[in-house]
Amino acid sequence: MLYLDHAATSPVRPEVLEAMRPYLTGVFGNPSSHHTVGEAAASALDDARARVARVLGMRTGDVVFTAGGTEANNLAVKGIVLAARERGRRHLVISPIEHESILESAEYLRRFHDVTVTRLDVDAAGRISPSALTGALRDDTALVSLGHANNEIGTVQEAEELSTVARGAGVPLHLDAVQSAGWLALDRLGADAVSIAGHKIGAPKGIGALGVRGRVPLEPLLHGGGQERGRRSGTENVAGAVALATALDLAEAERESTAGRVGASTRRFVDAVLASVPQAALTGDAERRLPGTASFTFAGTSGESVLLELERRGIVSSSGSACAAGSDEPSHVLLACGIPPEIAQTSVRFTFGRDHLPNDAPERLAALVADAVRAVSGS
C-alpha cells in the first residue's frame, strides 16, 4: 500500500518519537510546578519554544503552543480581531479558498461580533493578487488571514508581496503555514502571525503552534491558569512541544534537498498522468505549488469512485481536505477557482511525503491512475 495523502497527515518520525519519549515517562512534570520535576519539564518547553521560533524567524516569546493547526488558526483570527475591537477595527480580509478553520472563524466573528468580512477573489490557479489585497484594505481592517499554501491544490501565494501590502497599510497579516511547513522557508515571510501543525511534518497529532509577534495584541480564547504568557491557558503538552520542535528542526535541515527531490518526482508524475489520461486536468498553479502536491480533475468520472479503484490498486489518496471528508458538496476551493461543480466532484489529490521512491515510481503510479480512471469511466 502506497500512502499518498501526506497533506492530511504523516507518520511520526522515529527521531521525533525518541525525542519526546522521556517527557512521557521520566520527565513528566507540569512545567508550571515549582519543584525539580516541574522545572525539568519547563526547561524542555523553553528549549522547544526557542527552536520553533528560530524556524519561524520570530522571538522565543512569540511562540504559543496549541493543540494543532485548527486551534492556531482560530487563535490567530479570533484573537487578533477581537483584540482590535478596542481600536475600532472590525474588518477582516480572507479568501474563499482558506481552510475551514479560517472560514468558520470568520463566520463566527461576522455572526456574533459584528465583524465585516471581505473575501478576496482568486484566479483560476488559486492565486491572490497583491493589488486585490490593496483594494480590499480599509481604515478599520483588523487582520488579513490567508493560507501560505493551499491544502487542496497546493498553490503557494506570494507571501512576501502580500505582507508588504499589509504592512504598508498598518494591518497585521496572518499566514496559515500548516501545509507549507517543512517544504518552504518560513523565516522570511514578513507575516505577523504564522500557524503550523505537528502532524503534517512528522510529529504526533495534537500539537501545533502559533507564532505571533509581540507587538500584535491577542485576545486569548482559553482562560484559566494563564499559561503561554496568558495567551493560551491550560497545562502545556511538553512532549508534544518537544516533538514539534524536533520535527521542525529535521524538516528544516532536509528541506531544500527533500523539496528538490520530491518536486522532481511529482512533476514527472503530473506529466505522466496528463499524457496518459485524456480527461485529466491539473488544478492549482503549475509552477508556484508545493513540491509534493498534485491535484487533478478527471471529467466524466466520480472522484470517490476513482479513489476506490486506486485503493484496490494499492494507492491511498484523497479527494481534498480531510477536514471536509464525508461532505457531498464539491470543494469550495475548486469552485472559487471557477471550476464547475460537476467537474469539481471528480477531483483527486495526491500528496507525496519525504519518502524515497524507486526511480520509475512516477510513471508506474501514473499508469495505475490511468487504469483506475478507465475502470470508472468505462473508456
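Preceding this paragraph is the structure being described.
Draft legend 1. Representation of the sheet that holds strand β3 (residues 91-94) in the model. Pairing is mixed in the open sheet, where 7 strands are placed in the order β2-β8-β7-β6-β5-β3-β4. With partners counted over all chains shown, the strands left at the sheet margins are β2 (63-66) and β4 (116-119), one partner each. When strand polarity is set aside, the average angle formed by the axes of neighbouring strands in this sheet is 20 degrees. Pairing of strand β5 (residues 141-147) with strand β6 (residues 173-176) involves 4 bridges; the strand directions are parallel. Each residue of the ladder has a partner; that of Val144, found in β6, is Leu173. Sitting on the sheet, helix α4 (residues 100-113) touches β3, β4, β5 and β6, and the angle it makes with β3 is about 160 degrees. Relative to strand β7 (residues 193-197), helix α7 (residues 238-276) is tilted by about 100 degrees, and along the sheet it contacts β2, β7 and β8 (208-212).

Draft legend 2. Focus on the sheet that holds strand β12 (residues 347-351). One open sheet accounts for 3 strands, arranged β9-β10-β12; its pairing is antiparallel. Pairing within the sheet leaves two strands with one partner each, and these edge strands are β9 (280-282) and β12. Looking at each pair of strands side by side, their axes are set apart by 30 degrees on average, direction ignored. Note that β9 and strand β10 (residues 293-298) share 3 bridges and pair antiparallel. By the bridge assignment, Leu282 is partnered in β10 with Phe296.

Draft legend 3. Seen up close, the pattern of salt bridges. One pass over the structure, following the stated rule, counts 21 salt bridges. Note that Glu107 is salt-bridged to Arg110, the shortest N-O span being 2.7 Å. Of this pair, Glu107 and Arg110 both sit in helix α4, 3 residues apart, roughly one helical turn. With a relative accessible area of 42%, Arg110 lands in the partly exposed category. Among the salt bridges present, the one from Arg312 reaches Glu309, with a minimum N-O distance of 2.8 Å. You can see Arg312 and its partner Glu309 sitting in helix α8 (residues 303-312), 3 residues apart, about one turn around the helix. One connected set of salt bridges, linked through shared partners, spans Glu309, Arg312, Arg313, Asp371 and Arg374.

Draft legend 4. Spotlight on the side chain of Thr293. Tracing the chain through its elements places Thr293 in strand β10. You can call Thr293 buried: its relative accessible area is 6%. Beyond its immediate stretch of four places on either side in the chain, Thr293 contacts Glu152, Ile153, Gly154, Thr266, Phe350 and Thr351.

What counts, and where the lines are drawn
- Residues numbered from 1 in each chain as written.
- Predicted model: local features only at pLDDT ≥ 70, side-chain atom pairs only at ≥ 80, totals over all residues.
- Heavy atoms only, no water.
- Pairing = 2+ DSSP bridges.
- Helix = DSSP H or I, 4+ residues; strand = E, 2+ residues; numbered from the N terminus.
- Axes fitted to C-alpha atoms, helices over the stretch in contact; angles between N-to-C directions.
- Contact = heavy atoms within 4.5 Å.
- Salt bridge = Lys/Arg side-chain N within 4 Å of Asp/Glu carboxyl O.
- Buried < 20%, exposed > 50% of the residue type's maximum accessible area, 1.4 Å probe, protein only.

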